[in-house]
Amino acid sequence: MKAIVKEKPGKGFKMRDVPVPDDLAPNEALVKINKASICGTDLHIYEWNEWAQQNIKPPQIAGHEFTGKVIKTGSNVSLVSTGDVVTSETHIPCRKCIQCKTGRMHVCKNLEILGVHRDGAFAEYIKVPETVLWKLPEDFPKKYASIMEPFGNAIHTCFVENLAGKNVLITGAGPIGCMATAIAKATGAAKIIVTEIMEYRKKLAKQSGADYVLDPTETDITSSVKQLTNDNGADILLEMSGNENALIQGLESLTNGGTASILGVFPGKITFDINSLVIFKGIKLYGITGRKMFETWQIATELIKNKRVDLSSIITHELKFEDWEKGIKNMLDGKAGKVVLDIE
Ligand code: ZN
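Residues numbered from 1 in each chain as written. Predicted model: local features only at pLDDT ≥ 70, side-chain atom pairs only at ≥ 80, totals over all residues. Heavy atoms only, no water.

We now examine the packing of aromatic side chains. The final tally for this structure, using the stated rule, is four aromatic pairs. With 5.3 Å between their ring centres and 70° between their planes, F13 and Y46 make a pair best called edge-to-face. Of the two residues, F13 sits in the loop between β1 (2–6) and β2 (14–17) while Y46 sits in helix α1 (residues 40–47), which places them 33 residues apart along the sequence. In terms of burial, F13 and Y46 fall into one category: buried. Between F294 and W297 the ring centres are 6.4 Å apart and the planes differ by 50°, which places this aromatic pair in the tilted class. Taken as a pair, F294 and W297 share a single burial class, namely buried. (Phe/Tyr/Trp six-rings, centres within 6.5 Å; stacked < 30°, edge-to-face > 60°. Helix = DSSP H or I, 4+ residues; strand = E, 2+ residues; numbered from the N terminus. Buried < 20%, exposed > 50% of the residue type's maximum accessible area, 1.4 Å probe, protein only.)

Set out below in structure tokens:
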């Protein structure tokens, strides 16, 4: 089969012919991949940054967001059958630790991640434990099926509090920030204010439903948010940028007793005044990782199936599998939202 492989340490991927991974463990299923989409994590692995150097052991197939069809099952598989249309949670929980045993598999102590710790989804076939597969209706739109994993990140971040009637500030309009914008819109947020510096992403944020898009290089975010919210400040901050200044501006812009959900991953340690920005304002801070298994997936399925959230502007490129490098380059240049690869 064809696969996009990180062959050895260093920058880049190669498209290679590799064996179909049909040597299934009893609990695994083999999925023929229909579509896969490119994530920021794949870019880190492509670029071979510090995080990738510490976490990836080449040779390994990249990619983790996908949809496809189950074509073979291991001897003990009972949750899926041959022919099922599926997408997949990418965090493989151990099912043995306290977190897993108490219904919190998204914070499993022994997580294994597809495309990071084991072969991923930029390939014609992938083998995965049946536990992580999520069945979809046959007629579920395939391009949206392939981006349900990051969409789930957005849902998880948005839904720690009820957004209805709340003024929401979203820092960072990458694909997940834009998805969060669309979710906030769909669930009745009052004003949706997005901060972003890149022109391409500002447009995507507008198309996704942002009422105001502010550029921190041009505007003082804190005073603009106050102005837009009757001098009150935002009720809820959804931090999607992983940028220290954006987080600080976000916390400054929150009203007393507000909530911050933080999904953005920062490049390293950051410094901010926790006394004035969190403690004395009575802010609730939530760290968000992964998706709830499988509450988030159920919500994602229903929102897309019932066309409650418009993700059409967020998928900016649908490319042939062979054109994968074009997708990666567009994303690195900041000239793409989600890039979906047609594999089948
Ligand atoms: Zn666990």
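Anyway, onward from the coordinates.
To continue, consider the pairing of strand β5 (residues 65–73). Here strand β3 (residues 28–37) runs beside β5; their pairing, made up of eight bridges, is antiparallel. Bridged to A29 within β5 is T73. Where β5 and strand β6 (residues 85–88) come together, three bridges link them in antiparallel fashion. Following the sheet pairing, G68 is matched in β6 by V86. (Pairing = 2+ DSSP bridges.)

The domain boundaries assigned to the chain delineate domain 1 (2–147 + 314–342) and domain 2 (154–287). Taking both sides of the interface into account, the surface hidden between domain 1 and domain 2 amounts to around 760 Å²; carbon and sulfur atoms contribute 77%. There are zero salt bridges connecting domain 1 and domain 2. Of the residues contributing to the side of domain 1 that touches domain 2, the split by class is three nonpolar, five polar and three charged. (Domains from an automatic or database assignment. Buried area = accessible area lost by both parts, 1.4 Å probe. Salt bridge = Lys/Arg side-chain N within 4 Å of Asp/Glu carboxyl O. Nonpolar A, V, L, I, M, F, W, Y, C, P; charged D, E, K, R; others polar.)

Overall, antiparallel pairing links the three strands, which are arranged β2-β1-β4 in an open sheet. Looking at the sheet topology across the chains shown, the edges are occupied by β2 and β4 (60–61). Strand direction decides the pairing type here: β1 and β2, joined by four bridges, are antiparallel. Pairing of K2 across the sheet is with D17, part of β2.

With that out of the way, let us pick up the coordination of the zinc ion. Around the zinc ion, the donor atoms from the protein are C94 (SG), C97 (SG), C100 (SG) and C108 (SG), and they sit 2.3 to 2.4 Å away. One can describe the site at the zinc ion as tetrahedral: its four donor atoms subtend angles covering 102 to 118° at the metal. When the donor residues of the zinc ion are listed from N- to C-terminus, their spacing reads C-x2-C-x2-C-x7-C. Here C97 is found in the loop between β7 (91–92) and α3 (98–101), whereas its partner C108 is found in the loop between α3 and β8 (112–113), with eleven residues between them in sequence. (Donors = N, O, S within 2.8 Å, 3.2 Å for Na, K, Ca; no water. Tetrahedral: all angles 85-135°; square planar, octahedral: opposite > 155°, others 65-115°.)

Attention now moves to unusual backbone geometry. Cis peptide bonds are those with omega within 30 degrees of zero, and the linkage from P58 to P59 qualifies with 0°. In this structure, P59 sits in the loop between α2 (50–55) and β4. Phi is positive for W48, which is not a glycine, with a value near 60°. Mapped onto the elements of the fold, W48 is located in the loop between α1 and α2. One non-glycine residue, N230, lies in the positive phi region at around 55°. Take N230: its relative accessible area is 72%, and that puts it in the exposed class.

Attention now moves to the sheet that holds strand β11 (residues 168–171). A sheet is described by the order of its strands in space; here six strands give the open sequence β13-β12-β11-β14-β15-β16, paired in parallel fashion. Single-partner strands in this sheet number two, and they are β13 (212–214) and β16 (284–287). Taking the axes of each pair of neighbouring strands and ignoring which way they run, one obtains an average angle of 20° across the sheet. Pairing of β11 with strand β14 (residues 234–239) involves four bridges; the strand directions are parallel. The residue of β14 that forms the bridge with L169 is L237. Strand contacts of helix α8 (residues 221–228): β11, β12 (192–195), β13 and β14, with the helix running at about 165° to β13, the strand carrying the most contacts. (Axes fitted to C-alpha atoms, helices over the stretch in contact; angles between N-to-C directions. Contact = heavy atoms within 4.5 Å.)

Now for the packing of helix α5 (residues 148–158) against helix α11 (residues 295–305). Relative to each other, α5 and α11 sit at 105°, their axes nearing to 9 Å. With respect to α11, the element α5 is oriented roughly perpendicular. Residues M148, E149, F151, G152, I155 and H156 of α5 pack against T296, W297, I299, A300, T301, L303 and I304 of α11. In terms of residue class, the contact of α5 with α11 is built from eight nonpolar, four polar and one charged. (Parallel < 35°, antiparallel > 145°, perpendicular 65-115°, else oblique.)

Moving on to α5. When you tally the buried positions in α5, you get eleven out of eleven residues, the bulk of the element. Taken together, the buried positions of α5 are M148, E149, P150, F151, G152, N153, A154, I155, H156, T157 and C158.

All right, on to the environment of E325 then. With respect to the element layout, E325 can be found in helix α12 (residues 324–332). Residue E325 is classed as partly exposed on the basis of its relative accessible area, which comes to 30%. With 310 residues separating them along the chain, E325 and M15 place their C-alpha atoms 9.5 Å apart.

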